[in-house]
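# Results of the structural survey
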Amino acid sequence: MGEQAFFQGERIYIDLIDSLKKSDVHKLFIVCGRNVQKLETFESFSALCQLENISIFTFSEFEPNPKYESVKKGVEYFKKYECDAIMAIGGGSAIDVGKCIKMFSAMTDNEEFIGQKIVSNQIPLIAVPTTAGTGAESTQFAVIYYQGNKYSISDSCGLPDMVVLDSAVLKHLPIYQRKSTSLDVLAHGVESYWSINSTPESRELSKKAVRGFFDNYKGYINNDEMSNEKMLQAANVAGQAINITTTTAAHAMSYKLSSEFHIAHGHAVGLCLPVIFQYTLEHLEQCCDVRGKGFLEKVLGEIALEAGCPDVNNFAAKLEKLVVEDLQLDIPKLTGEDILPQLCKTVNTERLKNNPIELSETDINTLYGQILNQNRKNRRE
């Protein structure tokens, strides 16, 4: 992972402007939603740029789960205005668009960017997350949709050079978004911890993420200022962890749930995580990590300890209670038994192969049935 510059504290935007000037930035291309432009912090930063003779060009022509066509338009505008840096402000979608604009900008324009080899470039990329969840500001991955299909774009030059962690932008988040994005922090922490790709470095980052979530989620849900800051930091270290390991089964199985039932990504991942954790405990013999079953048992126990549970079975129950009872997130209703085979066919195989236990199609079908079980509250009582 490349070295990133982080900006926090009282002088956050003054220090950022100083860094932009040192990088000889004169025209800044800002990727953000229109609501972001109404934030007080955005207006303050724009005023600082004006004082320092840094021109700003904003691009908001993209959607949640951004489409390739939107990114292509962003590349066109970035080149048209002859900008020399990109700043992405928002949740995962805005940051993904900013990453793709950078990665695509050095490609040839006379053919589709999808399919071309990414050409590394030195365009400065600044990420400002406005949710405490995705950790996209510290990963090299981006997701866009091309001809209706989901594409994961990844290259080391997609990792933002500068990261602004400003918890003030979180105070306007609605409650549902707080619940769902914070669960993404937890899932990233747990999944990177048990991933077959985990390293001592990634596991240390995962520990901080899991501990940061459980220490702060109640305050974060209640919009406590200090908890907002701590959850933003937890999301960031979780992002650093998955940049090393990538995610596993909970994410692999969540994507279709999110689109099929129109629920937020973190909500879908949060519903999957407790069920998959319990299933892993009960099927350790299916371990596919080369470090062995004993290593996986040790890892699961360490995750539980970071959550304040000396017993791993207690942690599995704690996860279930957190999602279904404490956060009171709805469980989507099955529209028919035929939906389960459809869900199984759409599992993200790239993410699934990082999982610590091998899951067959029958296993996945069983897991989806448990995830969508309307009686989940009583299942482990």
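Everything that follows concerns the structure shown earlier in this document.
Residues numbered from 1 in each chain as written. Predicted model: local features only at pLDDT ≥ 70, side-chain atom pairs only at ≥ 80, totals over all residues. Heavy atoms only, no water.

### Overview of the overall build of the chain
Test applied: For the purposes of this entry, the term helix denotes a DSSP run of H or I that reaches at least four residues, the term strand denotes a run of E that reaches at least two, and both are numbered from the N terminus. Between the two quantities, the radius of gyration covers C-alpha atoms and the globule rule is 2.2 Å times the number of residues to the power 0.38. Whether a residue is buried, partly exposed or exposed follows from its accessible area with a 1.4 Å probe, protein chains only, as a fraction of its type maximum: under 20%, in between, or over 50%, in that order. Contact definition: two residues touch when any of their heavy atoms are within 4.5 Å. Residue exposure ignores everything except the shown protein chains as possible cover, and the areas themselves are Shrake-Rupley values with a 1.4 Å probe.
What the chain contains, in helices and strands, is 16 helices and eight strands. Computed over its C-alpha atoms, the radius of gyration of the chain comes to 21 Å, within 12% of the 21 Å expected for a compact globule of 381 residues. Out of the 381 residues belonging to the chain, those deemed buried represent 56%. Put simply, 78% of the contacts in the chain that link residues at least 6 apart link residues at least 24 apart. When the accessible area of the chain is evaluated, it comes to approximately 16700 Å², of which 47% is carbon and sulfur surface.

### What about the layout of surface pockets?
What counts here: Of the grid points, spaced at 1 Å and generated over the protein atoms alone, those admitting a 1.4 Å probe that cannot get out make up cavities, while open sets with protein on both sides within 12 Å along at least five of seven lines make up pockets; any residue with an atom within 4 Å of a point is treated as lining. Grid points are joined across faces, edges and corners, and a volume is the space filled by probe spheres set on the points. Under this grouping Gly is polar, as are all residues other than the nonpolar Ala, Val, Leu, Ile, Met, Phe, Trp, Tyr, Cys and Pro and the charged Asp, Glu, Lys and Arg.
Of the voids in this model, the second largest pocket is the one considered here, and its volume is about 310 Å³. In terms of lining residues, the second largest pocket is bounded by 15 residues, among which Asp-166, Ser-167, Ala-168, Glu-225 and Glu-229 are the most central. Residue composition of the lining of the second largest pocket, grouped by class: four nonpolar, six polar and five charged.

### Concerning the pairing of strand E2 (residues 27-32)
As a reminder of what qualifies: Orient the strands so they point away from the viewer; a crossover is then right-handed if the path from the first strand over the helix to the second runs clockwise.
Within E2, five of the six residues are buried, leaving the element largely enclosed by the surrounding structure. Considered for its hand, the β-α-β crossover made up of E2, helix H2 (residues 40-51) and strand E3 (residues 55-59) is right-handed.

### Observations concerning the packing of helix H10 (residues 265-282) against helix H12 (residues 312-326)
To characterise two packed helices, one gives the angle between the axes of the helices and the distance between these axes. Selection criterion: Helix axes use the C-alpha atoms of the stretch in contact, all axes being lines fitted to C-alpha atoms, and the angles between their N-to-C directions lie in the range 0 to 180 degrees. Angles below 35 degrees are treated as roughly parallel, those above 145 as roughly antiparallel, those between 65 and 115 as roughly perpendicular, and all remaining angles as oblique. A crossing counts as left-handed when the near helix is turned anticlockwise from the far one by less than a right angle, and as right-handed when that turn is clockwise.
H12 packs onto H10 with a crossing angle of 160° between their chain directions and a minimal axis gap of 9 Å. In terms of orientation, H10 and H12 fall into the roughly antiparallel class. For the pair H10 and H12, the sense of crossing is left-handed. On H12, the residues that touch Gly-270, Leu-271, Leu-273, Pro-274, Phe-277, Gln-278 and Leu-281 of H10 are Val-312, Asn-313, Phe-315, Ala-316, Leu-319, Glu-320 and Val-323. Residue composition of the contact of H10 with H12, grouped by class: ten nonpolar, three polar and one charged.

### Some details on the nonpolar core
Applicable threshold: Definition of nonpolar core: a set of buried residues of the types Ala, Val, Leu, Ile, Met, Phe, Trp, Tyr and Cys, connected through side-chain atoms within 4.5 Å.
If you look at the biggest cluster of nonpolar residues, it comprises 101 residues, and the most contacted ones within it are Leu-16, Phe-45, Ile-126, Leu-186, Phe-277 and Tyr-368. The element best represented in this core is H10, accounting for ten residues. Here Leu-16 is in contact with Phe-7, Phe-45, Met-87, Ile-126, Met-162 and Val-164, once residues within four sequence places are set aside.

### Focus on the packing of helix H3 (residues 68-80) against helix H4 (residues 92-105)
Viewed as axis vectors pointing N to C, H3 and H4 meet at an angle of 60°, and their least axial separation amounts to 9 Å. Judged on the interaxial angle alone, H4 and H3 are oblique. Both H3 and H4 take part in a crossing whose hand is right-handed. In contact with Tyr-68, Val-71, Gly-74, Val-75, Phe-78 and Lys-79 of H3, H4 contributes Val-97, Cys-100, Ile-101, Phe-104 and Ser-105.

### Remarks on the pattern of salt bridges
Short version of the rule: We define a salt bridge as a contact between a side-chain nitrogen of Lys or Arg and a carboxyl oxygen of Asp or Glu at a distance within 4 Å.
Counting across every chain of the model gives 14 salt bridges. Asp-18 is the salt-bridge partner of Arg-11, the closest N and O atoms lying 3.9 Å from each other. Using a relative accessible area of 45% as the deciding quantity, one classes Arg-11 as partly exposed. Judged by relative accessible area, which is 30%, Asp-18 ranks as partly exposed.

### Examining the sheet that holds strand E8 (residues 162-164)
Our working rule: Here, strands pair whenever DSSP counts at least two bridges between them.
Here we have six strands laid out as an open sheet, ordered E1-E8-E5-E4-E2-E3, and parallel in their pairing. The strands lining the two open edges of the sheet, one partner per strand, are strand E1 (5-7) and E3. Taking the axes of each pair of neighbouring strands and ignoring which way they run, one obtains an average angle of 20° across the sheet. For strand E4 (residues 85-90) and strand E5 (residues 125-129), the ladder comprises five bridges, and the chain directions are parallel. Pairing of Gly-90 across the sheet is with Pro-129, part of E5. Across the face of the sheet, H3 comes into contact with E2, E3 and E4 while running at roughly 160° to E3.

### What about H3?
Counted only if it meets this: Each residue after the first adds 1.5 Å to the expected span of a helix. By arc we mean the arc of the directions from the helix axis to the C-beta atoms, nothing more.
With 13 residues, H3 extends 18 Å from end C-alpha to end C-alpha; this agrees with the ideal 18 Å at 1.5 Å per step. Those residues of H3 lying buried are Tyr-68, Ser-70, Val-71, Gly-74, Val-75 and Phe-78. One face of H3 carries all of its buried residues, which in axial projection span an arc of 160°. Structural note: H3 exposes Glu-76 and Lys-80 on the side pointing more than 90 degrees away from its buried face. Buried positions along H3 lie against E2, E3, E4, H4 and strand E6 (141-146). Of the residues one or two after H3, Glu-82 is the one with positive phi, at around 55°.

Distances and angles like these do not, on their own, reveal function.
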